[in-house]
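Coordinates in review
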Amino acid sequence: MAFRSRREKLRSILSGAPCVHPGSVYDAISIRIAEDLGFPLGMFGGSVASLAVLGDPDITLITLTELAEQMRRMSRAAALPVLVDADHGYGNALNVRRTVQELETAGAAGLTIEDTLLPAAFGEAKTQLISLEEGVGKMKAALDGRGDPSLVIMGRTGAASITSIEDAIRRAKAYEVAGVDALFFTGIKSRAELEAIAAATHLPIVLGGAPDELNAIDYLASQRVRIALQGHAPIAAATQAVYETQKALREGTPPKNLKGLASPDLTNLVMREAGVKARSADVLGLKK
């Protein structure tokens, strides 16, 4: 299977001792840059997907079709394994099953399914969770939808910051029993909370953002954390760069005086121009 090696790389990360930081990716350019810089893994977050595809905030407006198509574009552009934030699976447990099928076909190395109630319920300003029973059903459906056994399925919960750390542990243990490959936690605030989670569970742990005291790689590895996200700064930096460039042009700055632009060498590297030229010579008879 074409994507199996990428999934096996992700499984190797989860089974190894070091804790790694993934590169935040959201399109063909960002994934190629992350790959060239040596990131072992890419993270395609739901918030950056919404921003990159729709220009909208992370309020579950993006559809499964749009998410999968963006993942497919990245799979074509680079061989870097990508972990996809599949939110709540875009519906109930049957929708989760289809979500897994679509993202697997699109080339994802792994994906997360969370137990947040999405979209937000009418009249509820605070984030809510689905029941434990429904969460377990979604995990089972995700596993049932997997065609390639090497595809990584992660159970994700934000209960630590929504209900309690005890609830987060209860949910994680249930998702373990359901058969997921790893546990993804958001909202962990202290070493004490992480240590309680590590003591109560057995699977590899992924942290989706954490305070400064949870940034030490060696410590995280000792608590079975295999992947620790660092946010999505690349798309924020790209947005700022585009804004500043457009602003300068609008204010009359000549293009030759613009600063912070990618060099021709970097642009050609990202476009894989050397390979395109070689293929053009081979199949179109063009001179190199």
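Details of the structure are given in the entry above.
The present account deals with the structure reproduced in this document.

1. Structural notes on helix 1 (residues 4-15)
In this model helix 1 runs 16 Å from its N-terminal to its C-terminal C-alpha over 12 residues, within 8% of the 16 Å that 1.5 Å per residue would give. Of all the positions in helix 1, only Arg-6, Arg-7, Leu-10, Ile-13 and Leu-14 are classed as buried. One face of helix 1 carries all of its buried residues, which in axial projection span an arc of 110°.

2. So, the packing of helix 6 (residues 132-145) against helix 8 (residues 165-178)
In a packed pair of helices, the relevant descriptors are the angle between the two axes and the axis-to-axis distance. Closest axis-to-axis distance for the helix 6/helix 8 pair is 9 Å, and the angle between their directions is 30°. Along this stretch, helix 6 crosses helix 8, giving a crossing that reads as right-handed. Across the interface between the two elements, Leu-132, Gly-135, Val-136, Met-139, Lys-140 and Leu-143 of helix 6 pack against Arg-170, Arg-171, Ala-174, Tyr-175 and Ala-178 of helix 8. Considering only residue class, the contact of helix 6 with helix 8 consists of 7 nonpolar, 1 polar and 3 charged.

3. Quick look at helix 9 (residues 191-200)
Along helix 9, the residues classified as buried are Glu-193, Leu-194, Ile-197 and Ala-198. Along the axis of helix 9, the buried positions cluster into a sector of 135°, meaning they face one direction only. Within helix 9, the exposed residues directed more than 90 degrees away from the buried face are Ala-192 and Ala-199. Each element contacted by the buried residues of helix 9 is listed here: helix 8, strand 6 (182-185), strand 7 (205-207), helix 10 (217-222) and strand 8 (225-228).

4. Here's the deal with the side chain of Arg-224
One can find Arg-224 in the loop between helix 10 and strand 8. Although Arg-224 is buried, it forms no salt bridge, and the closest oppositely charged side chain is Glu-176 at an N-O distance of 5.0 Å. Engagement of the side chain of Arg-224 in a polar contact is seen with the backbone oxygen of Ala-198, the distance being 3.0 Å. Within the local environment of Arg-224, its side chain forms a polar contact with the side chain of Thr-201, the two groups lying 2.7 Å apart. Ignoring anything within four residues of it in the chain, the contact list for Arg-224 reads Ile-197, Ala-198, Thr-201, His-202, Leu-203, Pro-204 and Ile-205.

5. Looking at the pairing of strand 5 (residues 152-157)
Burial runs high along strand 5: 6 of the 6 residues are buried. Alternating residues of strand 5 divide into Val-152, Met-154 and Arg-156 and Ile-153, Gly-155 and Thr-157, and every residue in both groups is buried. Two strands pair when backbone bridges link them, and strand 4 (residues 110-114) and strand 5 are joined in this way by 5 bridges, in the parallel orientation. Considered in strand 5, the bridge of Glu-114 is made with Arg-156. Crossover handedness for the path strand 4 to helix 6 to strand 5: right-handed. Inspection of the sheet shows strand 5 paired to strand 6 by 4 bridges, in the parallel sense. Bridging from a neighbouring strand, Thr-157 pairs with Phe-185 of strand 6.

6. A short note on the nonpolar core
Counting residues in hydrophobic clusters, the biggest one holds 62 residues, and the most contacted among them are Phe-44, Met-71, Val-84, Leu-103, Leu-111, Ile-188 and Leu-220. At 7 residues, the largest contribution of residues to this core is made by helix 8. Every residue in contact with Ile-188, bar those within four places of it in the chain, is listed here: Ala-160, Ile-165, Glu-193, Leu-194, Ile-197, Leu-207, Ala-210, Pro-211 and Leu-214. Of all hydrophobic cores here, the second largest spans 15 residues; its members include Ile-13, Met-43, Ala-109 and Ile-227.

The rules behind these values
Residues numbered from 1 in each chain as written. Predicted model: local features only at pLDDT ≥ 70, side-chain atom pairs only at ≥ 80, totals over all residues. Heavy atoms only, no water. Helix = DSSP H or I, 4+ residues; strand = E, 2+ residues; numbered from the N terminus. Expected span 1.5 Å × (residues − 1). Buried < 20%, exposed > 50% of the residue type's maximum accessible area, 1.4 Å probe, protein only. Arc of directions from axis to C-beta. Axes fitted to C-alpha atoms, helices over the stretch in contact; angles between N-to-C directions. Left-handed = near helix turned anticlockwise from the far one by under 90°. Contact = heavy atoms within 4.5 Å. Nonpolar A, V, L, I, M, F, W, Y, C, P; charged D, E, K, R; others polar. Lys, Arg positive; Asp, Glu negative; His and termini not counted. Salt bridge = Lys/Arg side-chain N within 4 Å of Asp/Glu carboxyl O. Polar contact = N/O pair within 3.5 Å; in protein donor to acceptor, adjacent residues only side chain to side chain. Pairing = 2+ DSSP bridges. Right-handed = clockwise from strand over helix to strand, strands pointing away. Core = buried A, V, L, I, M, F, W, Y, C linked by side-chain atoms within 4.5 Å.

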